[in-house]
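Residues per chain, in single letters:
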Amino acid sequence: MSSDAATAQQELLASLRCPVCGRALSLVADSLECPSCHSAYPVVDGIPRFTGDQHLASFGRQWNKYEVAHADEDRATFQAKTGIALTDLHGLQVLDAGCGGGRYSKVCGEAGASVIGADHSAAVIKARQLCSHLPNTAFVQADLKHLPLEPQSFDFVFSIGVMHHDADTKSVFDAVAKLVKPGGRYSVWLYRRNQWWQEVINNALRRRTTRMAPEKLERWCEWGAWLGGLPVVNKTLNKLINFSAHPNRENRVCDTFDWYAPQYQYHHTVAELQSWFQAAGFDQIQVLPPEKEGTLYRWVYEQDLLIGSGVNVTGIRKN
Ligand SMILES: C[S@@+](CC[C@H](N)C(=O)[O-])C[C@H]1O[C@@H](n2cnc3c(N)ncnc32)[C@H](O)[C@@H]1O
Ligand SMILES: [Zn+2]
């Protein structure tokens, strides 16, 4: 570990708070201990662990297994889904809420922000590896509803494709909103609710796939990735059954597994997400447009026909 990285790690450990009682934690050997309520949390492979994988284990598996980060694409997606330009990140304290394998933490770290990535699953191992050249990034394995972090301590908090995987999306939204400083920005991307008949088909499929052994589901996802590589089919059949049409095959397998494996997957409306921002004390609320352009694409998107597309809102915290 470089001396910059060691200093950053010390700063991270010093900034962490007990998720039970909020007191500062002390590092004793390889464990963070709370002097007040006596909770203790191990630091394993340089990552403080406040929780295990639990219902999100499929994410630990997929992010550690597949190589799906692509620098240019990730920078473009990050800007589209957060509404913030890379040039505005320098010097900001940033929280990547549900960082997965760390592709967007890397984007922010490379743009000069100080980043904490938090994820419930073992995906944090991959995130730390992906960002190992960035001493201004650090990771914790923690539940976003009980983060070991100081309230109102981040200039910018973003969460891309995360909160709908909890048993209660809104409780995650509200808990993470509390981390934003007054005047700070909060950007959230959630799955969009599709047409009722698409929701019925998807729920029926996922009732089966979420119970499959991961090895078996991955074999199905290989077929999905094959379909996703077929022209025409990958723009039509996927309005009925979701599979990824990403140009890279490994991304298609990973994205399709990402859709069918997680225990919880809720779909939301723009109005719902906007109302959460208002109720949590945000203004300058903006609905962000989808990343892709094109008249037909936009029409299909606005009819809620694109499975796996999002509702995407950003806002500024009032004082
Ligand atoms: C689809 S992945 C997205 C990862 C990353 N944002 C990206 O787009 O590459 C969703 C991630 O959210 C994490 N997650 C879901 N619910 C969470 C919670 N309550 N606390 C922390 N992480 C959570 C999962 O473990 C998973 O890695
Ligand atoms: Zn405590």
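Scoring rules and cut-offs
- Residues numbered from 1 in each chain as written.
- Chains lettered and ligands numbered in written order.
- Predicted model: local features only at pLDDT ≥ 70, side-chain atom pairs only at ≥ 80, totals over all residues.
- Heavy atoms only, no water.
- Near = heavy atom within 4 Å.
- Polar contact = N/O pair within 3.5 Å; in protein donor to acceptor, adjacent residues only side chain to side chain.
- Areas by Shrake-Rupley, 256 points an atom, 1.4 Å probe, with all protein chains shown as cover.
- Donors = N, O, S within 2.8 Å, 3.2 Å for Na, K, Ca; no water.
- Tetrahedral: all angles 85-135°; square planar, octahedral: opposite > 155°, others 65-115°.
- Helix = DSSP H or I, 4+ residues; strand = E, 2+ residues; numbered from the N terminus.
- Core = buried A, V, L, I, M, F, W, Y, C linked by side-chain atoms within 4.5 Å.
- Buried < 20%, exposed > 50% of the residue type's maximum accessible area, 1.4 Å probe, protein only.
- Contact = heavy atoms within 4.5 Å.
- Pairing = 2+ DSSP bridges.
- Patch = residues over 30% accessible without salt bridge, like charges linked within 9 Å, V, L, I, M, F, W, Y side chains within 5 Å.
- Salt bridge = Lys/Arg side-chain N within 4 Å of Asp/Glu carboxyl O.
- Domains from an automatic or database assignment.
- Buried area = accessible area lost by both parts, 1.4 Å probe.
- Nonpolar A, V, L, I, M, F, W, Y, C, P; charged D, E, K, R; others polar.

J.: I'd love a proper account of the site of ligand 1, names of residues and values included.
T.: Residues in close proximity to ligand 1 total 20 residues, the closest being Gly98, Arg103, Asp119, Leu144 and Ile160. Separating an oxygen atom of ligand 1 from a side-chain N or O atom of arginine 103 is a distance of 2.7 Å. Contact distances for ligand 1 include 3.1 Å between a nitrogen atom and a side-chain N or O atom of aspartate 166. Isolated, ligand 1 exposes 590 Å² of accessible area, and the fraction of that covered by the protein chains is 97%.

J.: Can you tell me about the coordination of the zinc ion (ligand 2), naming the residues and giving the values?
T.: With distances of 2.2 to 2.3 Å, the protein atoms coordinating the zinc ion (ligand 2) are Cys18 (SG), Cys21 (SG), Cys34 (SG) and Cys37 (SG). Given four donor atoms and angles of 97 to 123° at the metal, the environment of the zinc ion (ligand 2) is assigned as tetrahedral. Positions of the donor residues of the zinc ion (ligand 2), expressed as sequence spacing, correspond to C-x2-C-x12-C-x2-C. Taken as a pair, cysteine 18 in the loop between α1 (3-15) and β1 (26-28) and cysteine 37 in the loop between β2 (31-33) and β3 (40-44) lie far apart in primary sequence, 19 residues in all.

J.: How would you summarise the nonpolar core if you had to cite specific residues and measurements?
T.: In this structure, Leu16, Leu95, Tyr186 and Leu273 are the most contacted members of the largest nonpolar core, which totals 39 residues. When residues no more than four places from it in sequence are discounted, the contact partners of leucine 95 are Ile116, Ala118, Leu147, Leu149, Phe154, Phe156, Val157, Phe158 and Leu179. In this structure, Val68, Ile84, Val115 and Phe257 belong to the second largest nonpolar core, which totals 33 residues.

J.: Before we move on, can you summarise the sheet that holds β2 with the specific residues and values?
T.: Read from one edge of the open sheet, four strands run β1-β2-β3-β4, paired in antiparallel fashion. Two strands close off the open sheet at either side, each with one partner strand: β1 and β4 (47-48). As paired elements, β2 and β3 share three bridges and run antiparallel to each other. Along β3, the bridge assignment pairs leucine 32 with tyrosine 41.

J.: So, a nonpolar patch on the surface: which residues are in play, and what are the values?
T.: A contiguous nonpolar patch, built from Trp196, Trp197, Val200, Leu237, Leu240 and Ile241 and spanning about 570 Å² of accessible area, is present on the exposed surface. Examined against the element boundaries, leucine 240 turns out to sit in the loop between α9 (233-236) and α10 (249-260). The class of leucine 240 is partly exposed, set by a relative accessible area of 40%.

J.: Quick rundown of the domain arrangement of the chain? Include the residues and the values.
T.: The parts lose accessible area when they come together, and the size of an interface is often stated as this lost area. Domain boundaries assigned for the chain yield domain 1 (47-192 + 270-317) and domain 2 (211-260). On a C-alpha basis, the centroid separation for the pair domain 1 and domain 2 is 23 Å. The partner domain 2 presents 17 residues to the 18 residues of domain 1 that form the contact. In total, about 1500 Å² of surface goes out of reach between domain 1 and domain 2, with carbon and sulfur atoms giving 54% of it. Across the contact surface, domain 1 and domain 2 share three salt bridges. Between glutamate 218 and arginine 61 there is a salt bridge; the shortest N-O distance is 2.9 Å. Where domain 1 meets domain 2, there are nine residue pairs in polar contact (both at pLDDT 80 or more). Broken down by element, the residue count for the side of domain 1 that touches domain 2 peaks at six residues, all from helix α2 (residues 57-65). Residue composition of the side of domain 1 that touches domain 2, grouped by class: nine nonpolar, five polar and four charged.

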